[in-house]
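Single-letter residue listing:
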2 protein chains.
Amino acid sequence: MTKLIEETLHKRIRAAGLRLTLPRKAICKVLAANEEDFLTAAQILAGATTEVGQIDPSTAYRALDDFAEIGLVHHVNLGSQPSKWHLTLDHDHQHLVCETCGKPTLVPSSEVTAFFDLLKDRFGFTVNADHFAILGQCESCSTAAPHPPHRATSAS
Amino acid sequence: MTKLIEETLHKRIRAAGLRLTLPRKAICKVLAANEEDFLTAAQILAGATTEVGQIDPSTAYRALDDFAEIGLVHHVNLGSQPSKWHLTLDHDHQHLVCETCGKPTLVPSSEVTAFFDLLKDRFGFTVNADHFAILGQCESCSTAAPHPPHRATSAS
DNA sequence: ATCCGTGCAAATACTTTGCATTTAC
DNA sequence: GTAAATGCAAAGTATTTGCACGGAT
């Protein structure tokens, strides 16, 4: 069903008045195939290059920026240097990103709205859920590693 | 009382077996004077340069890395390209960072522990509170700007 | 006296930009 | 046919590294 996602992306690109080129199709394919993941520009570029021939980095960056502008993807900075991109088709969950293995744990939005509401009511702060990702250790990594890279409880 | 903070930093640097040099003192001064803020390496460098004479960027980066290693500061990536640093002496609050004005809103840790516990219990995910910062709009910016740069409610 | 920290210069990683050519529409 | 997208090359920004000298302990 990643094929279905691709179709949706294609339609939204066309609907936004953007042109559906070969590099863009390849990028859509990579994004659709990694629906739940946060991918670096390098990963997306590598995947897209495998699909069709050579694609220039600048083309990938420009396409991803365009996609972000029409709300297809979000561009987020998690601890690491290279920023990451991920699809936004699924609007019903938030991400907890593991600092060890990089995998996102999905949390239904219903679980976090109470917390966001609290921040709004008590501190007047409106959370930008699009840029929301919490870093830490996922279940398997925290049981596997007795000494996580960073302490996990204290505040800053 | 930023003087007191400086003293504390100096002691912790010495206690960790690091040497207390002029550039490091200057950096401590800047950090202490901006206790609550998230500063870029460039801001810290500029401030430190004002204190004492010219300091090399590599020196600042190395000092900040050393400070992070002994737990004096945290190195975080918020949406923007240049990453930021902030003091960790105060361990009793979390940060909500405004994407418009950059100012952090401080939230007592007691307000968030329930949420962190929920993530742990329901999803087995241990939050790294050191790298915890939520992006959004602070109270004054959200009232001032009718159209915030990003939508603020939906999830991703 | 020792060895850690510094400055300098060069290198690297990631991303952006200008411009001529190509291509989707 | 026309405007938008691409590829290339070059520049830009943020950060890191190697090495010889200088200064803190």
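What counts and what doesn't
Residues numbered from 1 in each chain as written. Chains lettered and ligands numbered in written order. Predicted model: local features only at pLDDT ≥ 70, side-chain atom pairs only at ≥ 80, totals over all residues. Heavy atoms only, no water. Near = heavy atom within 4 Å. Polar contact = N/O pair within 3.5 Å; in protein donor to acceptor, adjacent residues only side chain to side chain. Helix = DSSP H or I, 4+ residues; strand = E, 2+ residues; numbered from the N terminus. Nonpolar A, V, L, I, M, F, W, Y, C, P; charged D, E, K, R; others polar. Pairing = 2+ DSSP bridges. Contact = heavy atoms within 4.5 Å. Axes fitted to C-alpha atoms, helices over the stretch in contact; angles between N-to-C directions. Least-squares fit on C-alpha atoms with pLDDT ≥ 70 in both. Core = buried A, V, L, I, M, F, W, Y, C linked by side-chain atoms within 4.5 Å. Buried < 20%, exposed > 50% of the residue type's maximum accessible area, 1.4 Å probe, protein only.

Novice: I keep staring at the protein's contact with DNA strand D and nothing clicks. Help me out?
Specialist: Not every one of the 18 residues close to DNA strand D is listed here, only the nearest: Thr21 and Thr59 of chain A together with Arg19, Tyr61 and Ser83 of chain B. Here, DNA strand D places atoms within 4 Å of the protein, and 59% of those atoms are sugar or phosphate. Between DNA strand D and arginine 24 of chain A, the relevant distance is 3.0 Å, taken from a phosphate oxygen to a side-chain nitrogen or oxygen of the residue. Between DNA strand D and the protein, one listed contact pairs a base oxygen with a side-chain N or O atom of arginine 62 of chain B at 3.3 Å. Of all elements in the fold, only helix 2 (22-33) and helix 4 (57-69) of chain A together with helix 4 (57-69) of chain B reach the threshold of two or more residues within the surface near DNA strand D. For the surface near DNA strand D, the per-class residue count stands at five nonpolar, six polar and seven charged.

Novice: How do you make sense of the sheet that holds strand 6 (residues 126-127) of chain B when you look at a structure like this?
Specialist: In a beta sheet, neighbouring strands pair by backbone hydrogen bonds and run either parallel or antiparallel. Pairing within the open sheet is mixed, and its four strands lie in the order 5(A)-4(A)-7(A)-6(B). In this open sheet, the two strands that pair with only one neighbour each are strand 5 (104-108) of chain A together with strand 6 of chain B. Two elements, strand 7 (residues 133-137) of chain A and strand 6 of chain B, share two bridges in a ladder whose sense is antiparallel. Counterpart to glycine 136 of chain A in the pairing with strand 6 of chain B is valine 127 of chain B. The sheet contacts of helix 5 (residues 109-123) of chain A involve strand 4 (93-98) and strand 5 of chain A, and relative to strand 5 of chain A the element is tilted by about 75 degrees. Strands strand 4, strand 5 and strand 7 of chain A together with strand 6 of chain B of the sheet are contacted by helix 5 (residues 109-123) of chain B, whose axis makes an angle of about 105 degrees with strand 5 of chain A.

Novice: I keep staring at the relation of the copies chain A and chain B and nothing clicks. Help me out?
Specialist: To go from the first copy of the chain to the second, apply a rotation about an axis and then a shift along the same axis. With an RMSD of 0.1 Å, the operation that places chain A on chain B is a rotation of 180 degrees combined with a shift of 0.0 Å along the axis. Interpreted geometrically, this transformation is the action of a two-fold axis. The share of interface residues of chain A whose copies in chain B are also at the interface is 100%, consistent with both copies meeting through the same surface.

Novice: Help me understand the nonpolar core in this model?
Specialist: Buried together is how nonpolar side chains tend to be arranged in soluble globular proteins. With 30 residues, the main nonpolar core has Leu119 and Ile134 of chain A together with Leu119 and Ile134 of chain B as its most contacted residues. Secondary-structure elements contributing two or more residues to this core are strand 4 and helix 5 of chain A together with strand 4 (93-98) and helix 5 of chain B. Look past the residues within four positions of leucine 119 of chain B in its chain and what remains in contact with it is Leu96, Val107 and Ile134 of chain A together with Gly124, Phe125 and Val127 of chain B.

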